[in-house]
Amino acid sequence: MTADEKPAAPLLKVDDLKVHFAAARRRPFAAAATVHAVDGISFEVARGRTLGIVGESGSGKTTAALAILRLVPITAGTIDLDGVRISALGGEALRQMRRRVQFVFQDPFSSLNPRQRAGAIVREPLDLMGIGSPAEREREVAALFRAVGLRPEQQALFPHQFSGGQRQRIGIARAIASRPDLVVCDEPVSALDVAIQAQILNLLTRLQQTLGLTYVFISHDLGVVRHMCDEIAVLYLGRIVERAARASFFRRPLHPYSAALLSAIPGAGLGRMRLEGDPPSPINLPPGCRFAGRCPFAIDACRQSDPPLRAVADGHLVACHRVDDEGTPPHHAGV
Amino acid sequence: MTLLDAGSGWQATGPAGMPEPPGSDEIAAGSAAARPLREAWRMFAGNPLALVGLAILAGIVVMTIIGPYLYPVDPFDIVGAPLTPPGEGGLLFGSDYLGRDMLAGIIHGGRASLTVGGFAAIITMAIGISIGALAGFYGGWADRVLMRVTEFFQVLPPLLLAMVLVTLFSPTLTTITLSIGVVSWTNVARLTRAEFLKIRSLDYVLAGRAVGARDRRLIWRVILPNALPPLVVAAALSVGVAILFESGLSFLGLGDPNVMSWGMMIGQNKQVMLDAWWPTTIPGAAIFAAVLSISLIGDGLNDALNPRLRRR
């Protein structure tokens, strides 16, 4: 790792983040089970860049996103934003930190208060964080509306009077109102029509360039991730199984799970790899690799020991016993 | 952090790749529902029974407010022979077993009944919403403790508890109002808690926290307004229940002896019920009309504020 590669400290640094929930007891007096929603993930995002986190339902994507914003309790691990250990903040310090990290929700219908007018929704972060004078806030809200492609006159309308795409624009305006450094986007387009998706993605890209935003972009859609992200982390059952730069990842996915995900995209040039079965329960985790039960290349070692995330090529990290040290994945062996 | 001036730094609307602003038709379609209150009133006004209820209640309220000035007779004064039938001796509603004017009793008694009903409902809602909101929002230990307290009040027979409270602190309108409020908030608390449990996990509450809202704001400014429709209905109905409670207490002789009320009129005349129908039937009809009108209004509000019905 040379100074050239990493000119500055990362804006966001997550280290061994764990979020565990107590599951409801099935029987009275049974031991409380633990759901390992996020189970030790680490990553960094440089300022102005976009990290994509991909994974299927239940992989812990949304929980990880909420944990970065401190909207769910963290079990273990640290989160640093621009050198500030935000995982250790509480009370008023935590509240003040929130202006620097914002969130774009997946569902544009449930994420806006139906009793609040659009203008008040976008203005709320400014009011609550005490940003600017009331007159400045008014101008700022109008500017934010224009910035996300809405008309300032629409401030007086209620959320139900907007379409899904427009509502997502309101959500984005709210997220950028406090001038955050980091915006976590939790599947921001998955609830929208395909035609609207592109508009919203272009808006996010343009805002990133204009405002110098850093994104953590969560998605299950690899096509969207390829379009948006500089770096990709694949999440499986609360663990990162592969992390790589976009080009490296899409050229040569190393983890069998990543390969299976990519092979599901038509025209990706990979033979279709079908996965059998479902992920194991995040309550009773298998002892070895979490993917072993569905992996066509699993050997005994996979079922016995949990593979660590290791670098096999320049900046390409993978957690798989079957990837050799030269970075040859099992699905490429012999090809 | 400085604020951007309007326009600077932002791209103006309209360059290539930018979606055009929504058409005006979309705005027009929404304007009918632009004001939720106006829309609710439209639904309410389209409900004949609710309007009948509103008319009856308005009539009773107006009567109790201006009646004593138009008909300045003390309801405790003896104005004629006992049990004068209605219409005789210049007494529209007749007289009771002591010869007191029934009409004056109805007018003045309505004041006590409606005042107690209204204020007791306010107390009921204040206690119920506070306890339900805190239990539903915080969950965990706060919820467990507050719900056990609620259940404690639920298992006590409310009328009996109100009787104990009233006799403990001499019966005046204030103590009667407080007693009714203190014994009847449990349903409101459970209703509020259920609404809070439902709403607190919605994304917009999380979004409020993400933009820096404190708990107090989330409870009172974000969740409560969205939980309001069923609570408005509960409030209307609790006025009716409180009027019945007050009548019940007065009937049992636990009313304020210095203030005429409908329940007291029934209670004092109950022994002559078989000899003369009017001293008990007329105040009974007044209670019936008041509670019925409030129930009709509550039903109308329920339909008007229920979003599923509104979109029909």
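Small disclaimer: the values here were computed from a predicted structure and weren't measured. (Residues numbered from 1 in each chain as written. Chains lettered and ligands numbered in written order. Predicted model: local features only at pLDDT ≥ 70, side-chain atom pairs only at ≥ 80, totals over all residues.)

### A few points about the overall build of chain B
When helices and strands are tallied, chain B shows 13 helices and 0 strands. Considering chain B as a whole, with its 312 residues, one finds that 40% of them fall into the buried category. For chain B, long-range pairs separated by at least 24 residues make up 69% of all intrachain contacts whose partners lie at least 6 apart in sequence. (Helix = DSSP H or I, 4+ residues; strand = E, 2+ residues; numbered from the N terminus. Buried ≥ 20, exposed ≤ 12 C-beta atoms within 10 Å, placed from the backbone. Contact = placed C-beta atoms within 7 Å.)

### Remarks on the overall build of chain A
Per the secondary structure count, chain A includes 10 helices and 12 strands. Relative to the compact-globule value of 20 Å for 335 residues, chain A shows a C-alpha radius of gyration of 21 Å, a close match. Taking the principal axes of its C-alpha atoms as reference, chain A extends roughly 65 × 55 × 40 Å. Counting over 335 residues, chain A shows a buried share of 46%. Within chain A, residue pairs in contact and separated by at least 24 positions form 65% of the contacts whose partners lie at least 6 positions apart. (Rg over C-alpha atoms; globule rule 2.2 N^0.38 Å.)

### Observations regarding the packing of helix H3 (residues 118-129) of chain A against helix H5 (residues 164-177) of chain A
Residue and element names in this part refer to chain A. It is at 7 Å that the axes of H3 and H5 come closest, and there the two elements cross at 20 degrees. On the basis of their axis angle, the class for H3 and H5 is roughly parallel. In the packing of H3 onto H5, the handedness of the crossing is right-handed. Across from Ala 118, Ile 121, Val 122, Glu 124, Pro 125 and Leu 126 in H3, the residues of H5 making contact are Ile 170, Ala 173, Arg 174 and Ala 177. (Axes fitted to C-alpha atoms, helices over the stretch in contact; angles between N-to-C directions. Parallel < 35°, antiparallel > 145°, perpendicular 65-115°, else oblique. Left-handed = near helix turned anticlockwise from the far one by under 90°.)

### A word on the nonpolar core
Grouped together as the largest cluster of nonpolar side chains are 165 residues, with contacts concentrated most on A:Ile68, A:Leu144, A:Ala173, A:Val184 and A:Val216. No other element matches helix H10 (residues 215-251) of chain B, which puts 16 residues into this core. (Core = buried A, V, L, I, M, F, W, Y, C linked by C-beta atoms within 7 Å.)

### Here we look at the sheet that holds strand S5 (residues 84-85) of chain A
All names here are of chain A. Read across the open sheet, the 4 strands follow the order S2-S1-S4-S5; overall the sheet is antiparallel. The outermost strands of the open sheet, each flanked by one partner alone, are strand S2 (34-45) and S5. Bridge analysis of strand S1 (residues 12-22) against S2 gives 9 bridges, and the strand direction is antiparallel. The residue of S2 that forms the bridge with His 20 is His 36. (Pairing = 2+ DSSP bridges.)

### Examining the sheet that holds strand S8 (residues 214-219) of chain A
All names here are of chain A. The strand order across the open sheet formed by 8 strands is S6-S7-S8-S3-S9-S10-S12-S11, and the pairing between neighbours is mixed. Two strands close off the open sheet at either side, each with one partner strand: strand S6 (101-104) and strand S11 (310-313). For this sheet the average axis-to-axis angle between neighbouring strands, irrespective of direction, equals 20 degrees. Bridge count for strand S10 (residues 239-245) against strand S12 (residues 316-318) is 2 bridges, and the pairing is antiparallel. Within S12, the position partnered with Arg 243 by the bridge is Leu 317. Packed on one face of the sheet, helix H1 (residues 61-68) meets strand S3 (50-54), S6, strand S7 (182-186), S8 and strand S9 (231-236) and runs near 155 degrees to S8.

### So, the pairing of S1(A)
Residues in a regular strand point their side chains to alternate faces of the sheet. Sheet topology note: the S1(A)/strand S4 (residues 76-81) of chain A ladder contains 5 bridges and is antiparallel. Along S4(A), the bridge assignment pairs A:Asp15 with A:Thr78.

### Here's the deal with the environment of A:Ala292
All names here are of chain A. By secondary structure assignment, the location of Ala 292 is in the loop between helix H9 (256-263) and helix H10 (300-304). What makes Ala 292 buried here is the crowd of 22 C-beta atoms within 10 Å. Sequence separation of Ala 292 and Pro 280 is 12 residues, and the distance between their C-alpha atoms is 9.8 Å. Those residues within four positions of Ala 292 in sequence are excluded, and the remaining contacts are Pro 286, Ala 298, Cys 302 and Arg 303.

### Concerning the confidence of the model for chain B
Residue and element names in this part refer to chain B. Per-residue pLDDT for chain B averages 82, and the proportion of residues at 70 or more is 86%. By mean pLDDT, the top-scoring element of chain B is helix H8 (residues 186-200) (93), and the lowest-scoring one is helix H1 (residues 24-31) (40). Every residue in residues 1-33 scores below 50 in pLDDT, and together they form 41 contacts with partners more than four places removed in sequence or on other chains. Both scores are given for the predicted complex: the pTM is 0.81, the ipTM 0.86. (pLDDT = per-residue confidence, 0-100.)

### Let's talk about H1(A)
Residues and elements named next belong to chain A. Counting buried positions along H1 yields 8 of 8 residues, so the element is predominantly enclosed. Three or more residues of H1 are buried, namely Lys 61, Thr 62, Thr 63, Ala 64, Ala 65, Leu 66, Ala 67 and Ile 68. Phi turns positive, to about 60 degrees, at Arg 70, one or two residues after H1.

### A few points about the environment of B:Leu305
All names here are of chain B. Inspection of the secondary structure puts Leu 305 in helix H12 (residues 278-305). Linking Leu 305 and Pro 230, residues 75 residues apart in sequence, is a C-alpha distance of 7.8 Å. Discounting residues that sit within four places of it in the chain, Leu 305 has contacts with Ala 40, Pro 229, Val 232 and Val 233.

### Let's talk about the packing of H5(A) against helix H6 (residues 194-211) of chain A
All names here are of chain A. Viewed as axis vectors pointing N to C, H5 and H6 meet at an angle of 15 degrees, and their least axial separation amounts to 10 Å. By the angle between their axes, H5 is roughly parallel relative to H6. As H5 packs across H6, the resulting crossing turns out to be right-handed. The residues of H6 that touch H5, namely those facing Gly 164, Gly 165, Gln 168, Arg 169, Ile 172 and Ile 176, are Ile 196, Gln 199, Ile 200, Leu 203, Leu 207 and Leu 211. Here the contact of H5 with H6 is built from residues that sort into 7 nonpolar, 4 polar and 1 charged. (Nonpolar A, V, L, I, M, F, W, Y, C, P; charged D, E, K, R; others polar.)

### Things to note about unusual backbone geometry
Residues other than glycine seldom take positive phi values, yet A:Asp82 does so here, at roughly 55 degrees. Phi is positive for A:Arg179, close to 55 degrees, though the residue is something other than glycine.

### Some words on the pairing of S3(A)
Residues and elements named next belong to chain A. In terms of burial, S3 is largely enclosed, as 5 of its 5 residues are buried. Burial of the side chains of S3 extends over both faces: Thr 50, Gly 52 and Val 54 are buried on one face and Leu 51 and Ile 53 on the other. One ladder, built from 5 bridges, connects S3 with S8; its direction is parallel. Within the sheet, the bridge partner assigned to Ile 53 lies in S8 and is Ile 218. Note that S3 and S9 share 4 bridges and pair parallel.

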